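# Fold and contact review
Chain by chain, the residues run as shown.
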Amino acid sequence: MSSNHTTSQLPAFLLLGIPWREDIHKWLSIPFFLLYLAAALGNGAILVAVARNPSLREPMHCFLSMLAVTDLALSGTTLPTTLGLLWFGISQVAFDVCLTQMFFIHVASVAESSVLLAMAVDRWAAIACPLRYSALLTHRVVARVGVAVLVRSALTLLPLPFLLLRLTYNDQRKLTHSFCFHPDIMKLARNETEVNVHYGLFVILSTAGIDSVLIILSYIPIARVILGLGSWGERMRAAGTCVSHVAAVLVFFVPMIGLSVMHRFGSHGPLPLALVAYTYLLVPPALNPIIYSIKCQCIWKTLLRLCFYQPGVPTWASSHPTQTGHKSPPITCPQRYSVQIMQMESPTLASSQSDETGIGLVFGDAPV
């Protein structure tokens, strides 16, 4: 069946938003708008801080910028239909528009899973292999990782729209969510969807499934190094470098896995599905900037400098005086997350025979 014929049979899908709560859609739009606003401002602020502060060019901050971009994409793909439905009652979406939105939602989701895996590798290299950190994660390697994330996401999800185009659909075209989601569209088909089911399962297992397993495996050597440190204070400082990443992983993967299981194996009503879906697509983009800005203080310090210091003056320049004659103290980001720099400066640690022997001496802002 040609795509034109299929599209002509399906002028639009109907979006439900929050089922059985249509009377309070106007009020529900307020928290949704605040989540979108928090995601846009928070992730945009991270990108601005990393771009304007030369000291924020470590691999961890580059991966954090990638995470901010995927969060903006993940929230931005659902914003037009969600706020259009809640604010203006626009519940119809054209078939080709729906497929386009579905494709980019899943691409952004796979990309975020891949970036979280890359950040786990960064944590593993910084803690378990600190002496080889600079050699393992160069800027060229980080750039290649970014390209690989984009290519992997696009190629993996490319067959999905074509698998949906070959189907015929029921006259009842109501979608559970306020956006287009592959399992949701697939359930409206009249003919056999076995190929779609199997390929959707393959996508989940080959992306989020493998990524989550590798993230867990990466923390095994990290835990071994942390538990091998001498004092409880050193262990807490070392573990503190991974808290933000662990929180971001849980915030993203738990609702994602829950939504996939509910769509494939559950017999739940539309309201639980909608709530889990909104948690999966809106909460991580809004929370990730808060999670990382708490631990990475140099990001919000950079933003404060950009907001409250005079324009045109480099906010991290150490030798150029401002117009008032006073020098602007530089913002230096302590290598809390990249212990290899302090290790290279220490003759004792440079001659260490094991990465683990000196790692407890360099966690934090200063040697401990």
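In the block above lies the structure referred to throughout.
What comes next is a walk through the structure. Just so it is clear, the model here is predicted, and its values are computed rather than measured.

### Section: the layout of surface pockets
Its boundaries defined by the atoms lining it, the largest pocket holds a volume of some 270 Å³. As for the largest pocket, its lining consists of 15 residues, of which Val69, Thr70, Ala111, Val149 and Leu150 are closest to the centre. Secondary structure elements with two or more residues in the lining of the largest pocket: α3 (59–88), α4 (95–128) and α6 (139–157). Looking at which element gives the most residues to the lining of the largest pocket, the answer is α4, with six residues. Residue composition of the lining of the largest pocket, grouped by class: 12 nonpolar, three polar and no charged.

### Quick notes on empty space enclosed by the protein
Inspection of every chain in the model, using the stated rule, returns three cavities of 30 Å³ or more. When its volume is computed, the largest cavity comes out at roughly 210 Å³. His106, Phe181, Val203, Ile204 and Ser260 are the residues nearest the centre of the largest cavity, which is lined by 17 residues in total. Within the residue set of the lining of the largest cavity, elements represented by two or more residues are α4, α8 (182–186), α9 (194–227) and α11 (243–265).

### Some thoughts on a nonpolar patch on the surface
On the surface, Ile24, Trp27, Ile30, Phe33, Leu34, Leu37, Leu41, Trp87, Phe88 and Ile90 cluster together to form a nonpolar patch covering roughly 1000 Å² of accessible area. Contributions of two or more residues to the nonpolar patch are made by α2 (25–52) and α3.

### Some details on the state of the cysteines
Summed over the entire model, instances satisfying the criterion amount to one disulfide. Disulfide pairing places Cys98 opposite Cys180 at an S-S distance of 1.9 Å. Between Cys98 and Cys180 the disulfide shows an S-S torsion of about -125°. By sign, it is left-handed. Here Cys180 lies in the loop between β3 (174–175) and α8 and Cys98 lies in helix α4, a separation of 82 residues in the sequence.

### Structural notes on the nonpolar core
Ranked by size, the top nonpolar core spans 61 residues in total, and within it Leu116, Met119, Ile215 and Phe253 carry the most contacts. Among the elements of the structure, α2, α3, α4, α6, α9, α11, α12 (270–295) and α13 (297–308) are those that each provide at least two residues to this core. No other element matches α4, which puts 11 residues into this core. Once residues lying within four places of it in the same chain are set aside, the contact partners of Ile215 are Leu116, Leu117, Ala120, His245, Val249 and Phe253. With 26 residues, the next largest nonpolar core counts Phe13, Leu15, Val107 and Tyr169 among its residues.

### Looking at the environment of Ala126
Assignment of secondary structure puts Ala126 in helix α4. The buried category is assigned to Ala126, whose relative accessible area is 1%.

### Focus: the pattern of salt bridges
Oppositely charged side chains are able to pair whenever their charged atoms sit close together. This structure, assessed with the given rule, holds three salt bridges. A salt bridge links Arg152 to Asp211; the shortest N-O distance between them is 3.0 Å. One end of the pair, Arg152, is in helix α6; the other, Asp211, is in helix α9, and 59 residues separate them in sequence. Given the relative accessible area of 1%, Asp211 is considered buried. The salt bridge involving Arg190 is made with Asp171; its shortest N-O contact spans 3.2 Å. Taken together, the residues Arg190 in the loop between α8 and α9 and Asp171 in the loop between α7 (159–165) and β3 connect sequence positions 19 residues apart.

### Looking at α3
Between its first and last C-alpha, α3 extends 43 Å over 30 residues, near the 44 Å set by a 1.5 Å rise per residue. The principal kink in α3, of about 45°, is found at Leu79, preceding the proline Pro80 by one to four residues. Summarising burial for α3: 22 of the 30 residues are buried, a large majority. Directly after α3, the chain includes Gly89, whose backbone phi takes a positive value near 70°.

### Digging into the side chain of Ser206
With respect to the helices and strands, the residue Ser206 is situated in helix α9. Of note is the side chain of Ser206, whose polar atom sits 2.7 Å from the backbone oxygen of Phe202.

### So, the packing of aromatic side chains
Summed over the entire model, instances satisfying the criterion amount to 12 aromatic pairs. The interplanar angle of 40° and the centroid separation of 5.7 Å between the aromatic rings of Tyr199 and Phe202 together place this pair among those described as tilted. Placement of the pair is Tyr199 and Phe202 together in helix α9, with a separation of three residues, close to one helical turn. The exposure class assigned to Phe202 is partly exposed, which follows from its relative accessible area of 46%.

### A look at the environment of Ile215
In this structure, Ile215 sits in helix α9. Exposure remark for Ile215: the relative accessible area of 4% places this residue in the buried category. A sequence separation of 91 residues divides Ile215 from Trp124, and the C-alpha atoms of the two residues are 9.6 Å apart.

Basis of the calculations
- Residues numbered from 1 in each chain as written.
- Predicted model: local features only at pLDDT ≥ 70, side-chain atom pairs only at ≥ 80, totals over all residues.
- Heavy atoms only, no water.
- 1 Å grid on protein atoms, 1.4 Å probe; cavity = no way out; pocket = protein on both sides within 12 Å on 5 of 7 lines; lining within 4 Å.
- Points joined across faces, edges and corners; volume = space filled by probe spheres on them.
- Helix = DSSP H or I, 4+ residues; strand = E, 2+ residues; numbered from the N terminus.
- Nonpolar A, V, L, I, M, F, W, Y, C, P; charged D, E, K, R; others polar.
- Patch = residues over 30% accessible without salt bridge, like charges linked within 9 Å, V, L, I, M, F, W, Y side chains within 5 Å.
- Areas by Shrake-Rupley, 256 points an atom, 1.4 Å probe, with all protein chains shown as cover.
- Salt bridge = Lys/Arg side-chain N within 4 Å of Asp/Glu carboxyl O.
- Disulfide = S-S within 2.5 Å.
- Core = buried A, V, L, I, M, F, W, Y, C linked by side-chain atoms within 4.5 Å.
- Buried < 20%, exposed > 50% of the residue type's maximum accessible area, 1.4 Å probe, protein only.
- Contact = heavy atoms within 4.5 Å.
- Expected span 1.5 Å × (residues − 1).
- Bend = angle between axes of the 7 residues up to and from the residue.
- Polar contact = N/O pair within 3.5 Å; in protein donor to acceptor, adjacent residues only side chain to side chain.
- Phe/Tyr/Trp six-rings, centres within 6.5 Å; stacked < 30°, edge-to-face > 60°.

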